[in-house]
Amino acid sequence: MAWIYNGDLSKPIEDAAQFTNARGITYPGVWDKSTLAGMVLVVETARPDEAVFVITGSEIQLVNSVPTRAWLTLPRPLAAAKAARITAANSLLDTKVAAGRLHNTKTYQIDAKARENFLGVAGMFGMAALNPHGGTWRDLANAEIPLNDVEMRALLASVFAYSRDLRRALTTHIVAIRALATVAAVNAYDINPGWPANS
């Protein structure tokens, strides 16, 4: 948030910054600038999509007589555009992992630590251990859900299959993004289709 004093667009005043007026009176950093005559709040426009543009700065311009922030940008070159799109795909994967795996009306944790625990239980099952999970498993809300061995095996299969399909979807997107030949094609690439349903 920034302010303009007496129409001087060259000296925007950030909301938490000190301000000294032409008479030498200094105002503290935190105060209600709207109470000072001549102060006008800058209209803050949305930041450009950083997968599409490199933001080099911003400046205040008059738009319909209103001080408005204008962003200064450069188009991303192809390699940077691809890296940004792949980062976005990885972030989408992280979001899906954080949302857990829905199985039989309950949602279970499937982050790296949870998958490690699942592998441990699967290994114990492989050694014919009885009830290696202790009779319960923790859901996304950290509640202990009672599960017998048959139910636990079904949950393991569900989590492993879902995690595998998430990784396959990510890999498919990465391969497709790397194959694109123009920045415009990279920027237009939709990372949302192709992920497995969480049900």
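Definitions and cut-offs
- Residues numbered from 1 in each chain as written.
- Predicted model: local features only at pLDDT ≥ 70, side-chain atom pairs only at ≥ 80, totals over all residues.
- Heavy atoms only, no water.
- Helix = DSSP H or I, 4+ residues; strand = E, 2+ residues; numbered from the N terminus.
- Buried < 20%, exposed > 50% of the residue type's maximum accessible area, 1.4 Å probe, protein only.
- Lys, Arg positive; Asp, Glu negative; His and termini not counted.
- Salt bridge = Lys/Arg side-chain N within 4 Å of Asp/Glu carboxyl O.
- Polar contact = N/O pair within 3.5 Å; in protein donor to acceptor, adjacent residues only side chain to side chain.
- Contact = heavy atoms within 4.5 Å.
- Axes fitted to C-alpha atoms, helices over the stretch in contact; angles between N-to-C directions.
- Parallel < 35°, antiparallel > 145°, perpendicular 65-115°, else oblique.
- Nonpolar A, V, L, I, M, F, W, Y, C, P; charged D, E, K, R; others polar.
- Pairing = 2+ DSSP bridges.
- Expected span 1.5 Å × (residues − 1).
- Core = buried A, V, L, I, M, F, W, Y, C linked by side-chain atoms within 4.5 Å.

A. Structural view of unusual backbone geometry. Even without being a glycine, Asn104 presents a positive backbone phi close to 55 degrees. With respect to the helices and strands, Asn104 occurs in the loop between strand E8 (101–103) and strand E9 (106–108). Its identity as a non-glycine residue notwithstanding, Thr105 has a phi of 75 degrees, on the positive side. Looking at the element boundaries, Thr105 is found in the loop between E8 and E9.

B. Seen up close, the side chain of Asp139. Within the element layout of this structure, Asp139 appears in the loop between strand E10 (136–138) and strand E11 (144–146). Buried and without a salt bridge, Asp139 has Lys106 as its closest oppositely charged side chain, separated by 5.3 Å. Only 2.8 Å separates the side chain of Asp139 from the backbone nitrogen of Ala143, close enough to count as a polar contact. If sequence neighbours within four positions are ignored, Asp139 has contacts with Thr107, Tyr108, Gln109 and Ile145.

C. Examining the packing of helix H1 (residues 78–98) against helix H3 (residues 149–179) more closely. Running from amino to carboxyl end, H1 crosses H3 at an angle of 170 degrees, the nearest separation of the two axes being 10 Å. As summarised for this structure, H1 and H3 are arranged roughly antiparallel, according to the angle between their axes. Counting all contacts with H1, which are made through Lys82, Arg85, Ile86, Ala89, Asn90, Leu93, Lys96 and Val97, the residues of H3 involved are Tyr162, Leu166, Arg167, Leu170, Ile174, Ile177 and Arg178. Class assignment of the residues belonging to the contact of H1 with H3 gives a composition of nine nonpolar, one polar and five charged.

D. Molecular detail of the pairing of strand E1 (residues 2–5). By the alternation rule, side chains of E1 split into Ala2 and Ile4 and Trp3 and Tyr5, which are all buried. The pairing of E1 with strand E2 (residues 13–14) spans two bridges and is classified as antiparallel. Opposite Ala2, over in E2, you have Glu14 as the bridge partner. In the sheet, E1 pairs with strand E5 (residues 39–41) via three bridges, with the strands oriented antiparallel. Across the sheet, the residue bridging to Trp3 is Leu41, located in E5.

E. Representation of H3 in the model. With 31 residues, H3 ought to run about 45 Å at 1.5 Å a step, and its terminal C-alpha atoms sit 45 Å apart, in line with that. A distance of 3.1 Å separates the backbone nitrogen of Val150 from a side-chain oxygen at the start of H3, and that oxygen is part of Asn148.

F. Structural detail: the nonpolar core. Core analysis: the biggest nonpolar cluster contains 26 residues, and Phe118, Trp137, Leu147, Met152, Leu155, Leu166 and Trp195 have the highest contact counts within it. Counting only elements with at least two residues in this core, the list comes to H1, helix H2 (112–126) and H3. Apart from residues no more than four positions distant in its own chain, Phe118 is found in contact with Gln109, Trp137, Met152, Leu155, Leu156, Val159 and Phe160.

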